[in-house]
Amino acid sequence: MHVVATAGHVDHGKSTLVRALTGMEPDRLDEERRRGLTIELGYAWTALPSGERLAFVDVPGHERFLGTMLAGVGPVPAVMVVVAADEGWMPQSEEHLVALEALGVRHCLLVVTRSDLADPAPVVAQALARLDTAGLGEVEAVAVSGRTGQGLPELRQALDRLVTGLPRPDPAAAVRLWIDRAFSVTGSGTVITGTLPAGTVSVGDELLLAGEPVRVRGLESLKEPRDTVTGVARVAVNLRGHDVPGRGHALVTPGGWTYTDLVDVRVAHVGGPRREAAGLPRRLTVHVGSAAVAAEARPLGGRVVRLRLARPVPLHLGDVLLLRDPGRARSEARVLAGASVLDVRPPALGRRGAARRRAAQLESARLESALLEPAAPGTAYALRLHRLLRAADLRAMGVEPDTPGTSGEWYADPGHWKDLGRRLVEAVRHYAAGHPLDPAMPIEAARHELGLPDRRLVATLVRPPLTLAGGRIAAGPGGLPEPVARAVERLRRDLAARPFHAPDAGRLAELGLGPRELAAAERAGSLLRVGEGVALLPGADARAAELLSRLPQPFTVSQARHALGTTRRVVVPLLEHLDRAGLTERVDEVHRRCR
Ligand SMILES: Nc1nc2c(ncn2[C@@H]2O[C@H](COP(=O)(O)OP(=O)(O)O)[C@@H](O)[C@H]2O)c(=O)[nH]1
Ligand SMILES: [Mg+2]
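This one's a predicted model, so the numbers in the text were calculated from it and none came from an experiment.

Scoring rules and cut-offs
Residues numbered from 1 in each chain as written. Chains lettered and ligands numbered in written order. Predicted model: local features only at pLDDT ≥ 70, side-chain atom pairs only at ≥ 80, totals over all residues. Heavy atoms only, no water. Helix = DSSP H or I, 4+ residues; strand = E, 2+ residues; numbered from the N terminus. Rg over C-alpha atoms; globule rule 2.2 N^0.38 Å. Buried < 20%, exposed > 50% of the residue type's maximum accessible area, 1.4 Å probe, protein only. Contact = heavy atoms within 4.5 Å. Lys, Arg positive; Asp, Glu negative; His and termini not counted. Charge placed at Lys NZ, Arg CZ, Asp CG, Glu CD. Donors = N, O, S within 2.8 Å, 3.2 Å for Na, K, Ca; no water. Salt bridge = Lys/Arg side-chain N within 4 Å of Asp/Glu carboxyl O. Axes fitted to C-alpha atoms, helices over the stretch in contact; angles between N-to-C directions. Parallel < 35°, antiparallel > 145°, perpendicular 65-115°, else oblique. Nonpolar A, V, L, I, M, F, W, Y, C, P; charged D, E, K, R; others polar. Pairing = 2+ DSSP bridges.

Engineer: Report on the overall build of the protein chain, specifying residues and quantitative values.
Structural biologist: Helices and strands together make up the secondary structure of the protein chain, namely 18 helices and 32 strands. Since a compact globule built from 595 residues should have a radius of gyration of about 25 Å, the 34 Å found for the protein chain marks it as more spread out than a globular shape. For the C-alpha atoms alone, the extent of the protein chain along its principal axes is close to 110 × 60 × 55 Å. In the protein chain, which comprises 595 residues, the share counted as buried stands at 50%. Expressed as a percentage of contacts within the protein chain between residues at least 6 apart in sequence, the contacts between residues at least 24 apart total 65%. Across the protein chain, the centroid of the 77 positively charged side chains sits 5 Å from that of the 68 negatively charged ones.

Engineer: Tell me about the coordination of the magnesium ion (ligand 2), and name the residues and values.
Structural biologist: Looking at the magnesium ion (ligand 2), the protein donor atoms are Ser15 (OG) and Thr38 (OG1), and they sit 2.0 to 2.1 Å from it. With serine 15 in helix 1 (residues 14–22) and threonine 38 in the loop between helix 2 (30–35) and strand 2 (42–47), this residue pair connects regions lying 23 residues apart in the sequence. The same class applies to serine 15 and to threonine 38, which are both buried.

Engineer: Break down the pattern of salt bridges for me, with residues and values.
Structural biologist: Going through the model one piece at a time under the given rule, you end up with 34 salt bridges. Among the ionic pairs, aspartate 579 bridges to arginine 592, the shortest N-O distance being 2.8 Å. Here aspartate 579 is found in helix 18 (residues 568–580), whereas its partner arginine 592 is found in strand 32 (residues 591–594), with 13 residues between them in sequence. According to the relative accessible area criterion, aspartate 579 is partly exposed, its value standing at 22%. With its nearest N and O atoms 3.3 Å apart, the salt bridge here joins arginine 595 to glutamate 585. Separated by 10 residues along the polypeptide, arginine 595 in the segment after strand 32 and glutamate 585 in strand 31 (residues 584–586) bring together distant segments of the chain. Connected via shared salt-bridge partners are Asp264, Arg306, Asp343 and Arg358.

Engineer: Can you lay out the packing of helix 16 (residues 540–548) against helix 18 for me, pointing to particular residues and giving the numbers?
Structural biologist: At a closest axis distance of 11 Å, the pairing of helix 16 and helix 18 adopts a crossing angle of 95°. In this view, helix 16 runs roughly perpendicular relative to helix 18, as classed from their interaxial angle. Between helix 16 and helix 18, the residues in contact are Asp541, Ala544 and Leu548 and Leu574, Leu575, His577 and Leu578, respectively. Looking at the contact of helix 16 with helix 18 residue by residue, the classes come out as five nonpolar, one polar and one charged.

Engineer: Can you lay out the sheet that holds strand 27 (residues 472–474) for me, pointing to particular residues and giving the numbers?
Structural biologist: Taken in spatial order, the three strands make up an open sheet running 25-27-26, and their pairing is antiparallel. For this open sheet the edge positions go to strand 25 (441–442) and strand 26 (467–469), each flanked by a neighbour on one side alone. Sheet topology places strand 26 next to strand 27; three bridges connect them, and they run antiparallel. Looking at the pairing, alanine 469 lines up with arginine 472 of strand 27.

Structure (structure tokens):
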């Protein structure tokens, strides 16, 4: 199914249109019907010509109910903007449009209604011209009358085209169901309703509501009981208890979101005169999903602003917030701007200049990762900001790790990781200098020195020339002098790729490894010498014996050479080494077999 919200000036025919399309009454309250005015969100649904089901969230157009309008539109991916042919573009048309623009709505249909009262053409042109400047993408227009029904078949077709163009949400996405309505049901707890934008909710699921675990006892979508519902959908969830939080709170997947009351955001210019972030009022109302939360704004520099929210809300990197001025007169446009969340776990800002540096850091991380990841902030972006994160931290920020971790569950920014490696070498050398009799540094001391949260990170950082043994880090393998350790390491890398391809004299000379150095490396357990100047990796002999055992027995030197993919220079001393080790034995002058 799909969900579309209405938007537009009061009395322009939104509810009438929804009624005409669905045969259902969106204005449920007595007061609404008495006054002919939408006060609360209305819900109605129908089947489109394609068979797709479409639910409407009908919003109030009156300026006093902008908060309710935002709660309805917030989680919805597409909007039907309604303008009356006999009135044209009006203040609440404008305010709703500015809100849609700030929320980043990209899928929109213009419906000029009441076209039995006036020629719709001029208003279609006027509204399309305004919508065109708002960056909502391609907008189709339909003229209708909710009274005579004229144009409704065309509108249904247009709605079908609109929903076909909507992105398919991920059924495996973390759930965030913003509550737009909550009511008690005698004998069966509380029912909350909302628009599920993505992900899947099933009966029995344990979710979080305002940070507290709750279990889904029952589920309905469009008044039908369901075991499981996948977004986009209108959902009613039955929960135990009668004092559960209502509108403005969200049911979320545990671990899928970061509950935070401190965010750094980037403010986007919308509507009206261009406004610098520095010109925002200090006190704001932040709208996200169905929530409206008081906030304090602190400009950090450029368009980057830090918001302290009156209560924590579940957020992801890249979430769009709508900023409203709570203090201005009703008649003025009160939506100030949209803002995208740059960080959900921002660091405290200390000394002078910290705010400006932070703004610059966020801006450069954003620009850099925008090149790599145009869609949503990804792993690289999150790591640029936080340097080291667990897979679970990334998921809570809305980033699904796209690579294996750097060290177990840990992910590191590549630049930071390199830097840590360098610092570890220095720390180990410094330690060795201070502890000549016991020069290897305990891993815990190294963890502390580097300020790392987990010893496993230190262990992963141990790379040649460092070695790790018995929980301590030494500056070179078995105390090999460092240039030798480094040369041996390069040799080991050669051999890792071609295990029986012992380096020739030229390569050994190039690496500066003479007989003395090779002997030291063998003593340190880094290499295996099978003959004068023939060095392999430790264990190469056992591996060779294993490969040779697969040959028809007995075998010749030449067969052994083919099986191991090497040269006579290597295979002859290697076979003699295997004879000495008792892994092979001579049968006659030309044949051997495995023992
Ligand atoms: N003549 C005519 N009247 C309409 C049409 N659509 C709505 N109305 C009337 O306009 C008034 C406001 O309609 P309503 O749907 O409540 O507007 P909303 O505030 O945008 O939801 C009501 O009196 C409706 O009967 C239409 O297409 N033609
Ligand atoms: Mg209405």
